[in-house]
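Architecture at a glance
Residue-level listing of the chains:
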Amino acid sequence: MSTITLEDIIKPENLVYKKTDLMTDKSLSYCPGCGHGTAHRITMEVLEELNLDEITIGIAPVGCSVLAYEFMNIDMTQAAHGRAPAVATGIKRVWPDRIVFTYQGDGDLAAIGTAETIHACNRGEKIVIIFVNNGIYGMTGGQMAPTTLPGMKSSTSPYGREVETMGNPLKMTELVAQLPGTYFVSRQAVHTPAAVRRAKKAIKKAFENQRDGKPGLSFVEIVSNCNSGWKMTPTDSNKWMEENMFPFYPLGDIKVDGQLVK
């Protein structure tokens, strides 16, 4: 009877998964169960698979992912709160041969950075924007965000978001899809293996568009949980996200090759 040794298991032909070299060995600063880590990983896997890492520059935001430059093993810089699209615009215009992307949360992109986001999309800057939407301000104490759902509780809407006085949530992805400068717009998630595969496919499409010189900006939203801010276990937060976030923020491609998906 033959026995399986450790050497047999670690043979290249038996390898099932290997961490991309474009993720550093630093421990992630995110809460256990948060989707940011998976979003980081698949973004770096795409850059590695497309062999773009040596020419890519990422822009870190202010928010939960403010330390993204410590986890992503590529050239990165930090932007002031909400200004990542402006910084990305400047870098891409100075170095048009570089691949440039921003990685932003809903507070950074859809609140203080709304103007930068809208105008970069409208101008059709040839960059990629990766937008993580968890419907709350995770880093600063769980306050209501522009993306907080109607009736959803937060530290600044303890009885739930009241649309009459607090306004409607911003659907940034649908909004930017209407602008002539966007070429590819998609909304995905990373809470299941199948969802991760679809999100990675969308991120890959976005970077391929920039690599191939397609005319416009590629925008990928990732709807994620915030189990700490929502005060739930990771499992419960994923279930709540499926039941509440996805009906309001439906997943799928919204604009492909410059054309709205019917």
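Source: prediction; values computed, not measured. (Residues numbered from 1 in each chain as written. Predicted model: local features only at pLDDT ≥ 70, side-chain atom pairs only at ≥ 80, totals over all residues. Heavy atoms only, no water.)

Digging into the pairing of strand β3 (residues 99-105)
Most of β3 sits out of view: 7 of its 7 residues are buried. Residues I99, F101, Y103 and G105 of β3 are buried on one face, and the alternating residues V100, T102 and Q104, pointing to the opposite face, are buried as well. Two strands pair when backbone bridges link them, and strand β1 (residues 56-60) and β3 are joined in this way by 4 bridges, in the parallel orientation. Of the residues in β3, the one forming a bridge with G58 is F101. Across 5 bridges, the pairing between β3 and strand β4 (residues 128-133) is parallel. Opposite Y103, over in β4, you have I130 as the bridge partner. (Buried < 20%, exposed > 50% of the residue type's maximum accessible area, 1.4 Å probe, protein only. Helix = DSSP H or I, 4+ residues; strand = E, 2+ residues; numbered from the N terminus. Pairing = 2+ DSSP bridges.)

Let's talk about the side chain of T117
Among the secondary structure elements, T117 is positioned in helix α6 (residues 114-123). The class of T117 is buried, set by a relative accessible area of 0%.

Some words on the sheet that holds β1
Sheet architecture is open: 8 strands sit in the order β2-β1-β3-β4-β6-β5-β7-β8, paired in mixed fashion. If you trace the sheet from one side to the other, it starts and ends with β2 (75-78) and β8 (259-260), each paired once. Most of the contacts of helix α2 (residues 36-49) go to β3, to which it runs at about 175°, and overall it touches β1, β3, β4 and β6 (217-223). (Contact = heavy atoms within 4.5 Å. Axes fitted to C-alpha atoms, helices over the stretch in contact; angles between N-to-C directions.)

Structural notes on the packing of aromatic side chains
Under the criterion given, the structure shown has 5 aromatic pairs. For the ring pair F101 and F207, a centre distance of 5.6 Å and an interplane angle of 80° mean the geometry is edge-to-face. Linking F101 in strand β3 with F207 in helix α9 (residues 193-211), this pair joins segments that are 106 residues apart in sequence. Classification of F101 by relative accessible area gives buried; the value is 0%. Seen from their ring centres, F248 and Y249 are 5.0 Å apart, and the 80° between their planes marks the pair as edge-to-face. A cation over an aromatic ring shows up here: R98 above the ring of W95, its NZ or CZ 4.9 Å from the ring centre. For K171, the ring lying beneath its charged end belongs to F248, and the centroid distance is 4.4 Å. (Phe/Tyr/Trp six-rings, centres within 6.5 Å; stacked < 30°, edge-to-face > 60°. Lys NZ or Arg CZ within 6 Å of the ring centre and 35° of its normal.)

Remarks on the pattern of salt bridges
For side chains of opposite charge, pairing can occur when their charged atoms come near one another. Counting across every chain of the model gives 14 salt bridges. Here R187 and E221 are joined by a salt bridge, their closest N and O atoms 2.9 Å apart. Residue R187 is found in strand β5 (residues 182-189), and its partner E221 is found in strand β6; the two are separated by 34 residues along the sequence. Accessibility assignment for this pair places R187 and E221 in one class, buried. Several salt bridges converge on common partners, so that one network encompasses R41, E45, E49 and K200. (Salt bridge = Lys/Arg side-chain N within 4 Å of Asp/Glu carboxyl O.)

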